[in-house]
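Observations on chain architecture
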Amino acid sequence: MPEKKAILEKLASVQYPGLERSIVDLKIVDSVETEGERPIITLSMQNDEAFEILRERLADLFGGNVEVRRKAMAKKRDMNYGHTANPNNRAPYAKRVIAVTSGKGGVGKSTVSVNLAVALAQKGFKVGLLDADVYGPNIPRMLGTADEKLRWGENDKIIPSENFGIRIMSVGLTTPTSDTPLVWRSSVAVSALIQFLEDVDWGELDFLVIDMPPGTGDIQLTMAQELPITAGVIVTTPQPVALDDVSRAIMMFKDIHVPIGGLVENMSFFVAPDTGKRYDIFGTGGGEATAKRYDIPFLGQIPLDMQIREFSDSGTPPVAMGDDVQKGYYRTVAENLLAQIL
Ligand code: ADP
């Protein structure tokens, strides 16, 4: 009869799909039984695709003579669904949590998250940035840490990357290459995010800035249930279509009792570098008017600026590497936010 210990040793060589970490280390193996010569292995996990891959890997490992069972994680039991007014605190190490979100994708939410986090660090605060945008996790690219892999410290916690004075962790690091699509069901994404809140070695933080996915969905709701969010920051562009989406995001935050730190209008205007003439490409004043309409603070405008895009896409945030005018836009947003919450 095969020894359970020998089976476990074999299992220690099996990696979780997409991670350089064994399923034993990750505590996914719930139990190991034997039925005669045949091991019965129960895995405790949520991800359907990963389970199928592991089932095949284990069949290969044991020459087909294995039974792989699955025990769904009791995720809901330790979550307090429906209590956003009195949420859990999965991040007790952070004094304040800032959730940056937007009505729709592509408005510059991640750029604002990055530069806001770096601006806060420049003021001397200890800052962590969690890239929770499961649909487009591009924070590591914007901060020049895209080549880093997940690493674990001696205390079994994930070591965050560090650059520009902030600690960084991204759901994008759980995929082997940056162009792997994250076809996660939202419940899987939610449990991955909760793991990042609990299992990353953030240290003590003055601010945990979270780059949320765009829109109003399960992930936003769960984050509001699992974290005492100090302030939501909403990013929009000034054109009416974007403002319709942002209204929904504002109403959702209000509904789920997340205090709103304010609205940032990105790509507000364009100053032609050759003539210095200002163009209001998407109209003007829409963000400020929306903030007034919903009675939330207006945190500032950031122009559409080719250099902002170039800095961001090459891993050097404009608030650190740009000129004084570019730095000023993001620092103003940070100051105005601090004025709301300190
Ligand atoms: P989101 O997180 O809302 O999807 P991103 O922050 O990823 O948006 O920005 C989308 C693209 O727009 C990126 O290429 C980024 O560099 C660019 N971008 C963001 N803000 C500006 C700006 N103010 N001026 C020029 N380009 C910008």
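Values in this document were obtained by computation on a predicted structure and should not be read as measured data.

Rules used in this analysis
- Residues numbered from 1 in each chain as written.
- Predicted model: local features only at pLDDT ≥ 70, side-chain atom pairs only at ≥ 80, totals over all residues.
- Heavy atoms only, no water.
- Helix = DSSP H or I, 4+ residues; strand = E, 2+ residues; numbered from the N terminus.
- Rg over C-alpha atoms; globule rule 2.2 N^0.38 Å.
- Contact = heavy atoms within 4.5 Å.
- Areas by Shrake-Rupley, 256 points an atom, 1.4 Å probe, with all protein chains shown as cover.
- Lys, Arg positive; Asp, Glu negative; His and termini not counted.
- Charge placed at Lys NZ, Arg CZ, Asp CG, Glu CD.
- Phe/Tyr/Trp six-rings, centres within 6.5 Å; stacked < 30°, edge-to-face > 60°.
- Lys NZ or Arg CZ within 6 Å of the ring centre and 35° of its normal.
- Salt bridge = Lys/Arg side-chain N within 4 Å of Asp/Glu carboxyl O.
- Buried < 20%, exposed > 50% of the residue type's maximum accessible area, 1.4 Å probe, protein only.
- Near = heavy atom within 4 Å.
- Polar contact = N/O pair within 3.5 Å; in protein donor to acceptor, adjacent residues only side chain to side chain.
- Nonpolar A, V, L, I, M, F, W, Y, C, P; charged D, E, K, R; others polar.

This part takes up the overall build of the protein. When you go through the protein residue by residue, the secondary structure sums to 11 helices and 13 strands. Whereas a compact globule of 342 residues would reach a radius of gyration of roughly 20 Å, the protein reaches 22 Å, a difference of no more than 12%. By its C-alpha atoms, the protein is 80 × 40 × 35 Å across when sized along the principal axes. Taking all contacts inside the protein whose residues are at least 6 apart in sequence as the whole, residues at least 24 apart take part in 72%. With an accessible surface of roughly 15700 Å², the protein has 50% of that area assigned to carbon and sulfur atoms. Where the 36 positive side-chain charges of the protein centre and where its 45 negative ones centre are 3 Å apart.

Our focus in this paragraph is the packing of aromatic side chains. Scanning the model with the defined rule gives 1 aromatic pair in all. Here the aromatic rings of Phe125 and Phe207 are separated by 5.1 Å at their centres, their planes lie at 85°, and the arrangement is edge-to-face. With Phe125 in the loop between α3 (109-122) and β5 (127-131) and Phe207 in strand β8 (residues 205-211), this residue pair connects regions lying 82 residues apart in the sequence. The cationic tip of Arg96 hangs over the ring face of Phe207; the distance from NZ or CZ to the ring centre is 5.2 Å.

Let us now look at the pattern of salt bridges. One pass over the structure, following the stated rule, counts 15 salt bridges. Here Asp30 ties to Lys71 by a salt bridge, and the two come within 3.1 Å at their closest N and O atoms. Here Asp30 is found in strand β1 (residues 29-35), whereas its partner Lys71 is found in strand β3 (residues 67-71), with 41 residues between them in sequence. Asp30 gets classed as partly exposed once you look at its relative accessible area, which sits at 36%. The class of Lys71 is partly exposed, set by a relative accessible area of 40%. Of the charged contacts in the structure, one is a salt bridge between Arg90 and Glu198, with a shortest N-O distance of 2.8 Å.

Neighbouring residues of the ligand: 19 residues in total, closest Gly106, Lys109, Ser110, Thr111 and Pro303. At 3.0 Å from a nitrogen atom of the ligand is found a main-chain nitrogen or oxygen belonging to Asp305. Protein coverage of the free-state accessible area of the ligand, which is 560 Å², stands at 84%. Listing elements by their share of the shell around the ligand, those giving two or more residues are α3 and α9 (306-313). Per-element accounting of the shell around the ligand gives the leading share, 4 residues, to α9. Split by residue class, the shell around the ligand holds 7 nonpolar, 8 polar and 4 charged.

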